[in-house]
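Architecture and fold: a report
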Amino acid sequence: QNSNTSILPSHLCPFWEAFAIDIMVNRRSLMRGGEDTVQQAEKVGVFLARIGFAMRGVLYALIGIVTLYIACGTGKPGKASKEGALQLLAQESGGYAMLVLVVVGFVFYGLWLLSMAIRGTTKEHGWKAILFRVKCAFKAAIHFVLAAYAANMLSGSGSGSGGGSTKAKWTAKLMEHSSGRALIGLIGVIVVVIAFSQFKKAWDASFMDGMGIEALQGRRRKWILIAGRVGISSRGFILTLVGLGIIGAAIHHNTHEATKGIDGALRDVASYPYGQAILILMAIGFWCFAAFQIACACWARID
(Lines give C-alpha, C1' and ligand atoms only; values in the text may rest on other atoms or scores of the structure.)
Protein backbone atom coordinates (compact mmCIF):
# COMPACT_ATOMS: atom_id res chain seq x y z
CA GLN A 1 0.00 0.00 0.00
CA ASN A 2 1.27 3.44 -0.85
CA SER A 3 2.24 5.11 2.43
CA ASN A 4 1.71 8.57 0.92
CA THR A 5 -2.02 8.02 0.44
CA SER A 6 -4.50 8.38 3.22
CA ILE A 7 -8.25 8.17 3.44
CA LEU A 8 -8.30 10.73 6.26
CA PRO A 9 -9.76 14.03 4.95
CA SER A 10 -7.30 16.93 4.82
CA HIS A 11 -9.85 19.39 6.24
CA LEU A 12 -9.32 17.87 9.69
CA CYS A 13 -5.70 19.10 9.74
CA PRO A 14 -6.47 22.43 11.50
CA PHE A 15 -8.29 20.52 14.23
CA TRP A 16 -5.37 18.12 14.64
CA GLU A 17 -2.98 21.08 14.90
CA ALA A 18 -5.14 22.62 17.63
CA PHE A 19 -5.29 19.25 19.35
CA ALA A 20 -1.50 18.90 19.17
CA ILE A 21 -1.14 22.29 20.89
CA ASP A 22 -3.56 21.09 23.58
CA ILE A 23 -1.42 17.95 24.02
CA MET A 24 1.75 20.01 24.53
CA VAL A 25 0.05 22.27 27.08
CA ASN A 26 -1.13 19.26 29.09
CA ARG A 27 2.31 17.68 28.84
CA ARG A 28 4.03 20.78 30.19
CA SER A 29 1.55 21.06 33.06
CA LEU A 30 2.12 17.40 33.97
CA MET A 31 5.91 17.93 34.09
CA ARG A 32 5.77 20.77 36.58
CA GLY A 33 7.01 19.84 39.99
CA GLY A 34 5.17 20.12 43.27
CA GLU A 35 1.83 18.78 42.03
CA ASP A 36 -0.04 16.19 43.99
CA THR A 37 0.05 12.64 42.57
CA VAL A 38 -3.74 12.43 42.50
CA GLN A 39 -3.96 15.68 40.53
CA GLN A 40 -1.40 14.38 38.05
CA ALA A 41 -3.36 11.16 37.62
CA GLU A 42 -6.55 13.14 37.04
CA LYS A 43 -4.81 15.26 34.38
CA VAL A 44 -3.54 12.12 32.66
CA GLY A 45 -7.07 10.68 32.72
CA VAL A 46 -8.51 13.88 31.25
CA PHE A 47 -5.83 13.93 28.56
CA LEU A 48 -6.58 10.32 27.57
CA ALA A 49 -10.33 11.02 27.55
CA ARG A 50 -9.61 13.84 25.09
CA ILE A 51 -7.87 11.28 22.90
CA GLY A 52 -11.17 9.36 23.03
CA PHE A 53 -13.00 12.41 21.67
CA ALA A 54 -10.38 12.73 18.91
CA MET A 55 -10.68 9.07 17.94
CA ARG A 56 -14.47 9.44 17.74
CA GLY A 57 -13.81 12.25 15.28
CA VAL A 58 -11.53 10.04 13.20
CA LEU A 59 -14.10 7.23 13.06
CA TYR A 60 -16.91 9.56 11.98
CA ALA A 61 -14.65 11.06 9.31
CA LEU A 62 -14.08 7.55 7.96
CA ILE A 63 -17.82 6.80 8.08
CA GLY A 64 -18.33 9.95 6.03
CA ILE A 65 -15.79 8.73 3.47
CA VAL A 66 -17.51 5.33 3.16
CA THR A 67 -20.85 7.15 2.78
CA LEU A 68 -19.37 9.17 -0.08
CA TYR A 69 -18.18 5.97 -1.76
CA ILE A 70 -21.72 4.55 -1.44
CA ALA A 71 -23.09 7.73 -3.02
CA CYS A 72 -20.66 7.41 -5.94
CA GLY A 73 -21.43 3.71 -6.37
CA THR A 74 -17.79 2.64 -6.14
CA GLY A 75 -16.59 -0.66 -4.79
CA LYS A 76 -14.61 0.73 -1.86
CA PRO A 77 -14.51 -1.99 0.84
CA GLY A 78 -15.79 -1.30 4.30
CA LYS A 79 -19.03 -0.60 6.09
CA ALA A 80 -20.41 2.76 7.13
CA SER A 81 -20.27 1.93 10.84
CA LYS A 82 -17.84 2.37 13.70
CA GLU A 83 -16.68 -1.23 13.33
CA GLY A 84 -16.18 -0.73 9.60
CA ALA A 85 -14.29 2.50 10.29
CA LEU A 86 -11.96 0.63 12.65
CA GLN A 87 -11.26 -1.94 9.94
CA LEU A 88 -10.47 0.84 7.47
CA LEU A 89 -8.24 2.53 10.04
CA ALA A 90 -6.28 -0.70 10.51
CA GLN A 91 -5.50 -0.74 6.77
CA GLU A 92 -3.92 2.72 6.87
CA SER A 93 -0.19 3.31 7.20
CA GLY A 94 0.30 3.77 10.93
CA GLY A 95 -2.98 1.98 11.53
CA TYR A 96 -1.57 -0.08 14.42
CA ALA A 97 -0.64 3.06 16.36
CA MET A 98 -4.05 4.60 15.62
CA LEU A 99 -5.80 1.47 16.93
CA VAL A 100 -3.75 1.71 20.13
CA LEU A 101 -4.99 5.30 20.53
CA VAL A 102 -8.54 4.10 19.91
CA VAL A 103 -8.26 1.44 22.63
CA VAL A 104 -6.70 3.78 25.21
CA GLY A 105 -8.87 6.76 24.29
CA PHE A 106 -12.16 4.83 24.28
CA VAL A 107 -11.39 3.11 27.59
CA PHE A 108 -10.77 6.43 29.33
CA TYR A 109 -13.65 8.12 27.49
CA GLY A 110 -15.86 5.27 28.71
CA LEU A 111 -14.53 5.65 32.26
CA TRP A 112 -15.35 9.36 32.15
CA LEU A 113 -18.89 8.58 30.99
CA LEU A 114 -19.17 5.93 33.70
CA SER A 115 -18.09 8.44 36.35
CA MET A 116 -20.83 10.80 35.14
CA ALA A 117 -23.34 7.95 35.33
CA ILE A 118 -22.33 7.37 38.95
CA ARG A 119 -22.17 11.04 39.99
CA GLY A 120 -25.21 12.18 38.01
CA THR A 121 -25.83 15.82 37.21
CA THR A 122 -27.07 18.81 39.19
CA LYS A 123 -28.75 20.25 36.08
CA GLU A 124 -31.49 17.59 35.95
CA HIS A 125 -33.84 16.23 38.60
CA GLY A 126 -36.30 13.36 38.94
CA TRP A 127 -36.70 11.05 35.94
CA LYS A 128 -34.49 13.28 33.80
CA ALA A 129 -31.59 12.75 36.21
CA ILE A 130 -32.16 8.97 36.07
CA LEU A 131 -32.29 9.10 32.26
CA PHE A 132 -29.01 11.04 32.25
CA ARG A 133 -27.33 8.31 34.33
CA VAL A 134 -28.71 5.53 32.11
CA LYS A 135 -27.62 7.34 28.94
CA CYS A 136 -24.07 7.86 30.23
CA ALA A 137 -23.80 4.21 31.36
CA PHE A 138 -25.08 2.98 27.98
CA LYS A 139 -22.65 5.19 26.04
CA ALA A 140 -19.81 4.02 28.30
CA ALA A 141 -20.69 0.39 27.55
CA ILE A 142 -20.68 1.10 23.79
CA HIS A 143 -17.20 2.61 23.95
CA PHE A 144 -15.87 -0.24 26.10
CA VAL A 145 -17.16 -2.66 23.45
CA LEU A 146 -15.52 -0.62 20.66
CA ALA A 147 -12.27 -0.55 22.64
CA ALA A 148 -12.45 -4.35 23.01
CA TYR A 149 -13.17 -4.65 19.28
CA ALA A 150 -10.09 -2.56 18.43
CA ALA A 151 -7.97 -4.51 20.95
CA ASN A 152 -9.15 -7.73 19.30
CA MET A 153 -7.90 -6.41 15.97
CA LEU A 154 -4.56 -5.44 17.53
CA SER A 155 -4.08 -8.93 18.96
CA GLY A 156 -4.78 -10.46 15.56
CA SER A 157 -7.39 -12.79 17.02
CA GLY A 158 -10.02 -11.70 14.51
CA SER A 159 -11.61 -8.68 12.86
CA GLY A 160 -14.95 -9.14 14.49
CA SER A 161 -16.65 -10.15 11.23
CA GLY A 162 -18.67 -12.81 12.99
CA GLY A 163 -20.54 -10.25 15.05
CA GLY A 164 -23.09 -9.62 12.32
CA SER A 165 -23.99 -13.31 11.98
CA THR A 166 -24.36 -13.63 15.76
CA LYS A 167 -26.66 -10.61 15.86
CA ALA A 168 -28.73 -12.02 13.00
CA LYS A 169 -28.98 -15.38 14.75
CA TRP A 170 -30.28 -13.87 17.99
CA THR A 171 -32.66 -11.58 16.09
CA ALA A 172 -34.06 -14.56 14.18
CA LYS A 173 -34.72 -16.37 17.47
CA LEU A 174 -36.56 -13.34 18.84
CA MET A 175 -38.61 -13.09 15.64
CA GLU A 176 -40.00 -16.57 16.30
CA HIS A 177 -42.02 -15.27 19.26
CA SER A 178 -44.58 -12.47 19.42
CA SER A 179 -42.99 -11.15 22.61
CA GLY A 180 -39.61 -11.12 20.87
CA ARG A 181 -41.02 -9.16 17.94
CA ALA A 182 -42.57 -6.73 20.41
CA LEU A 183 -39.17 -6.28 22.05
CA ILE A 184 -37.51 -5.62 18.67
CA GLY A 185 -40.26 -3.10 17.85
CA LEU A 186 -39.68 -1.41 21.21
CA ILE A 187 -35.96 -1.14 20.43
CA GLY A 188 -36.89 0.54 17.15
CA VAL A 189 -39.12 3.02 18.99
CA ILE A 190 -36.29 3.79 21.43
CA VAL A 191 -33.89 4.42 18.52
CA VAL A 192 -36.40 6.83 16.94
CA VAL A 193 -36.81 8.65 20.27
CA ILE A 194 -33.02 8.96 20.53
CA ALA A 195 -32.99 10.30 16.96
CA PHE A 196 -35.50 13.01 17.82
CA SER A 197 -33.48 13.90 20.91
CA GLN A 198 -30.55 14.49 18.54
CA PHE A 199 -32.67 16.87 16.46
CA LYS A 200 -33.71 18.69 19.65
CA LYS A 201 -30.09 18.96 20.76
CA ALA A 202 -29.12 20.38 17.36
CA TRP A 203 -32.01 22.87 17.46
CA ASP A 204 -31.44 24.28 20.95
CA ALA A 205 -27.61 23.94 20.74
CA SER A 206 -27.52 22.33 24.18
CA PHE A 207 -24.37 20.47 23.09
CA MET A 208 -22.47 23.75 23.59
CA ASP A 209 -23.11 23.56 27.35
CA GLY A 210 -20.29 21.06 27.71
CA MET A 211 -17.69 23.24 25.99
CA GLY A 212 -15.06 25.20 27.89
CA ILE A 213 -15.08 28.98 27.86
CA GLU A 214 -12.23 29.10 25.29
CA ALA A 215 -14.55 27.51 22.71
CA LEU A 216 -17.36 30.00 23.30
CA GLN A 217 -15.61 33.13 22.08
CA GLY A 218 -15.75 34.85 18.70
CA ARG A 219 -15.53 33.05 15.38
CA ARG A 220 -14.47 29.79 17.02
CA ARG A 221 -17.87 29.48 18.70
CA LYS A 222 -19.63 30.11 15.39
CA TRP A 223 -17.83 27.29 13.58
CA ILE A 224 -18.19 24.83 16.46
CA LEU A 225 -21.90 25.64 16.61
CA ILE A 226 -22.35 25.07 12.87
CA ALA A 227 -20.36 21.82 12.89
CA GLY A 228 -22.24 20.55 15.92
CA ARG A 229 -25.68 21.40 14.55
CA VAL A 230 -25.06 19.86 11.12
CA GLY A 231 -23.29 16.80 12.50
CA ILE A 232 -25.81 16.02 15.23
CA SER A 233 -28.71 16.53 12.79
CA SER A 234 -27.09 13.99 10.46
CA ARG A 235 -26.91 11.50 13.32
CA GLY A 236 -30.56 12.16 14.04
CA PHE A 237 -31.51 11.53 10.41
CA ILE A 238 -29.68 8.22 10.09
CA LEU A 239 -30.93 7.01 13.48
CA THR A 240 -34.48 7.79 12.37
CA LEU A 241 -34.00 5.58 9.30
CA VAL A 242 -32.48 2.80 11.42
CA GLY A 243 -35.26 2.97 14.01
CA LEU A 244 -38.05 2.96 11.43
CA GLY A 245 -36.35 0.02 9.69
CA ILE A 246 -36.29 -1.95 12.96
CA ILE A 247 -39.98 -1.19 13.62
CA GLY A 248 -40.89 -2.25 10.08
CA ALA A 249 -38.85 -5.43 10.47
CA ALA A 250 -40.69 -6.31 13.68
CA ILE A 251 -44.06 -5.81 11.95
CA HIS A 252 -43.14 -7.85 8.85
CA HIS A 253 -41.01 -10.51 10.63
CA ASN A 254 -37.93 -9.52 8.59
CA THR A 255 -34.70 -10.48 10.36
CA HIS A 256 -32.43 -9.00 7.68
CA GLU A 257 -34.15 -5.61 7.88
CA ALA A 258 -33.76 -5.54 11.66
CA THR A 259 -30.00 -6.10 11.57
CA LYS A 260 -28.98 -3.78 8.70
CA GLY A 261 -27.86 -0.96 10.99
CA ILE A 262 -26.42 2.33 9.77
CA ASP A 263 -24.58 0.81 6.81
CA GLY A 264 -27.72 -0.90 5.50
CA ALA A 265 -29.82 2.23 5.99
CA LEU A 266 -27.33 4.33 4.02
CA ARG A 267 -27.23 1.79 1.19
CA ASP A 268 -31.04 1.88 1.09
CA VAL A 269 -30.90 5.67 0.73
CA ALA A 270 -28.88 5.18 -2.47
CA SER A 271 -32.02 3.77 -4.12
CA TYR A 272 -34.19 6.76 -3.12
CA PRO A 273 -35.06 9.56 -5.54
CA TYR A 274 -32.15 12.01 -5.21
CA GLY A 275 -30.49 9.36 -3.05
CA GLN A 276 -27.00 10.27 -4.24
CA ALA A 277 -27.48 13.91 -3.22
CA ILE A 278 -28.84 12.84 0.17
CA LEU A 279 -25.83 10.58 0.76
CA ILE A 280 -23.40 13.36 -0.17
CA LEU A 281 -25.14 15.61 2.36
CA MET A 282 -24.93 12.80 4.92
CA ALA A 283 -21.19 12.44 4.29
CA ILE A 284 -20.76 16.18 4.87
CA GLY A 285 -22.82 15.83 8.04
CA PHE A 286 -20.61 13.02 9.35
CA TRP A 287 -17.52 15.12 8.62
CA CYS A 288 -19.07 18.02 10.50
CA PHE A 289 -19.67 15.73 13.47
CA ALA A 290 -16.07 14.56 13.20
CA ALA A 291 -14.91 18.18 13.30
CA PHE A 292 -17.14 18.81 16.33
CA GLN A 293 -15.58 15.82 18.14
CA ILE A 294 -12.09 17.17 17.44
CA ALA A 295 -13.26 20.51 18.87
CA CYS A 296 -14.47 18.64 21.96
CA ALA A 297 -11.05 16.98 22.22
CA CYS A 298 -9.51 20.44 22.36
CA TRP A 299 -11.98 22.45 24.43
CA ALA A 300 -14.66 20.31 26.11
CA ARG A 301 -14.97 20.51 29.90
CA ILE A 302 -13.94 17.14 31.35
CA ASP A 303 -14.34 16.95 35.13
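Residues numbered from 1 in each chain as written. Predicted model: local features only at pLDDT ≥ 70, side-chain atom pairs only at ≥ 80, totals over all residues. Heavy atoms only, no water.

What the chain contains, in helices and strands, is eleven helices and zero strands. Its helices and strands in sequence order give the chain the pattern α-α-α-α-α-α-α-α-α-α-α, from N to C terminus. Long-range pairs, those at least 24 residues apart, make up 75% of the contacts in the chain between residues at least 6 apart in sequence. (Helix = DSSP H or I, 4+ residues; strand = E, 2+ residues; numbered from the N terminus. Contact = heavy atoms within 4.5 Å.)

This part is about the environment of Ile 184. Inspection of the secondary structure puts Ile 184 in helix α7 (residues 178-204). According to the relative accessible area criterion, Ile 184 is buried, its value standing at 6%. Separated by 64 residues in sequence, Ile 184 and Gly 248 have C-alpha atoms that sit 9.8 Å apart. Excluding residues within four positions of it along the chain, Ile 184 makes contact with Thr 171, Leu 174, Met 175, Ile 246, Ala 250 and Ala 258. (Buried < 20%, exposed > 50% of the residue type's maximum accessible area, 1.4 Å probe, protein only.)

What follows is about the pattern of salt bridges. A full pass over the atoms with the stated rule returns one salt bridge. Here Asp 204 and Lys 200 are joined by a salt bridge, their closest N and O atoms 3.1 Å apart. In this pair, Asp 204 and Lys 200 are both assigned in helix α7, four residues apart and thus about one turn of the helix distant. You can call Asp 204 partly exposed: its relative accessible area is 36%. In this structure Lys 200 comes out as exposed when scored by relative accessible area, which is 54%. (Salt bridge = Lys/Arg side-chain N within 4 Å of Asp/Glu carboxyl O.)

Here Ala 205, not a glycine, exhibits a phi torsion of approximately 60°, which is positive. On the accessibility criterion, Ala 205 (13% relative accessible area) is buried. With phi around 60°, Tyr 274 is a residue other than glycine that occupies positive phi space. Among the secondary structure elements, Tyr 274 is positioned in the loop between α10 (261-269) and α11 (275-299).

Tracing the chain through its elements places Gly 105 in helix α4 (residues 95-119). Since its relative accessible area comes to 0%, Gly 105 is described here as buried. As for Gly 105 and Arg 50, which are separated by 55 residues in sequence, their C-alpha atoms are 7.2 Å apart. Setting aside residues up to four positions removed in sequence, Gly 105 forms contacts with Leu 48, Ile 51 and Gly 52.

Now for the nonpolar core. In this structure, Phe 53, Met 55, Leu 86, Leu 89, Met 211, Leu 266 and Phe 292 are the most contacted members of the largest nonpolar core, which totals 81 residues. Secondary structure elements with two or more residues in this core: α2 (37-72), α3 (82-91), α4, α5 (127-155), α7, α8 (218-252), α10 and α11. Of the residues forming this core, the biggest block, 17 residues, is contributed by α2. Those residues in contact with Leu 89 that sit more than four places away from it in its chain are Val 58, Leu 59, Leu 62, Gly 95, Met 98, Leu 99 and Val 102. (Core = buried A, V, L, I, M, F, W, Y, C linked by side-chain atoms within 4.5 Å.)

In this section: the confidence of the model for the chain. On average, residues of the chain score 78 in pLDDT, and 79% of them reach the 70 mark or higher. Taken element by element, the chain is modelled with least confidence in helix α1 (residues 13-31), mean pLDDT 54, and with most confidence in α11, mean pLDDT 91. Predicted confidence is poor over residues 1-5, with pLDDT under 50, and the contacts of this stretch with residues over four places away or in other chains come to four contacts. (pLDDT = per-residue confidence, 0-100.)

Glancing now at a nonpolar patch on the surface. A cluster of nonpolar side chains, Leu 174, Leu 183, Leu 186, Ile 187, Val 189, Ile 190, Val 193 and Ile 194, forms an exposed patch at the surface whose accessible area comes to about 630 Å². Among the elements that take part in the nonpolar patch, α7 stands out by supplying seven residues, more than any other. Mapped onto the elements, Leu 183 comes out in helix α7. (Patch = residues over 30% accessible without salt bridge, like charges linked within 9 Å, V, L, I, M, F, W, Y side chains within 5 Å. Areas by Shrake-Rupley, 256 points an atom, 1.4 Å probe, with all protein chains shown as cover.)

Attention now goes to the side chain of Ser 234. Tracing the backbone through its elements, the reader meets Ser 234 in helix α8. On the accessibility criterion, Ser 234 (7% relative accessible area) is buried. Sequence-distant contacts of Ser 234, that is, excluding residues within four places in its chain, are made with Met 282, Gly 285 and Phe 286.

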